[in-house]
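A structural walkthrough
Chain residues, written in single-letter form:
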Amino acid sequence: NKLANDKGFSLLELLMSISIFSFVCLVIFGVYQLGMNSWDLISVESTLAGEARMGIERMNKELRTSKLSNIDSSSNTQLRFKVPTAINSSTGAITTWSNWIRYSRGGINGNQLLRTDEGTNAVTVLANQVTGVQFTANGTPSTISMSLTAQKTTSNGILVPVTLSSTTDLRN
């Protein structure tokens, strides 16, 4: 019997097996690559959003203690203001205000959100990868609106932008 004496695979069977195996490997690699690209994109977006959120929250916290008369918003790309440093314990009135504090873009490649104490020239970095910042003072009610844009390129060359906005109520 000829079939009983056959050992091994025919060339056609071997080529079909290699083709199917190659196709399965390509599909698995494609899914893996898609997953890695998604992971990279989400990781960059999450990092940017977290850093921008920390910068906005830091500004909100400090600006809440200021009042509109102690804010210089003549430029919409930077904000200067003063915060109370001493309060009369019996009357609750503010007796002393800080040096001017400035929020602006600058630092490394001009892509950092900076807090500068203009009296001591102490600079604190609030956020990185910042490509835009905008401030708007509103008189009634006394608020400051802020918008911060950050962006970064993933390892695959995809530009990921994140924009956060916030409005802070000022002290009366």
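Up top is the structure.
Residues numbered from 1 in each chain as written. Predicted model: local features only at pLDDT ≥ 70, side-chain atom pairs only at ≥ 80, totals over all residues. Heavy atoms only, no water.

1. Focus: the overall build of the protein chain
- Counting its regular elements, the protein chain contains two helices and ten strands.
- Listing every helix and strand of the protein chain by position from the N terminus yields α-α-β-β-β-β-β-β-β-β-β-β.
- Taking 16 Å as the expected radius of gyration for a compact globule of 172 residues, we find that the protein chain reaches 29 Å, considerably beyond that expectation.
- Expressed as lengths along the three principal axes of its C-alpha atoms, the size of the protein chain is roughly 110 × 30 × 25 Å.
- Burial statistics for the protein chain: of 172 residues in total, 27% are counted as buried.
- Considering only contacts in the protein chain between residues 6 or more positions apart, those separated by 24 or more positions represent 42%.
- Working note: accessible area of the protein chain is about 11,000 Å², and carbon and sulfur atoms make up 56% of it. (Helix = DSSP H or I, 4+ residues; strand = E, 2+ residues; numbered from the N terminus. Rg over C-alpha atoms; globule rule 2.2 N^0.38 Å. Buried < 20%, exposed > 50% of the residue type's maximum accessible area, 1.4 Å probe, protein only. Contact = heavy atoms within 4.5 Å. Areas by Shrake-Rupley, 256 points an atom, 1.4 Å probe, with all protein chains shown as cover.)

2. Points about the nonpolar core
- In terms of nonpolar packing, the biggest core is built from 20 residues, with Met59, Leu63, Phe81 and Leu113 touching the most fellow members.
- When residues of this core are traced back to their parent elements, those giving at least two are helix H2 (11-63), strand S2 (78-81), strand S5 (101-106), strand S7 (122-128), strand S8 (130-138) and strand S9 (143-153).
- At four residues, the largest contribution of residues to this core is made by H2.
- Sequence-distant contacts of Met59, that is, excluding residues within four places in its chain, are made with Tyr103, Leu113, Leu126, Phe135, Met146 and Leu148.
- Residues Val44, Leu48, Val160 and Val162 belong to the second largest nonpolar core, which totals six residues. (Core = buried A, V, L, I, M, F, W, Y, C linked by side-chain atoms within 4.5 Å.)

3. Let's talk about the pairing of S8
- One ladder, built from eight bridges, connects S8 with S9; its direction is antiparallel. Paired with Gly132 across the two strands is Thr149, which belongs to S9. (Pairing = 2+ DSSP bridges.)

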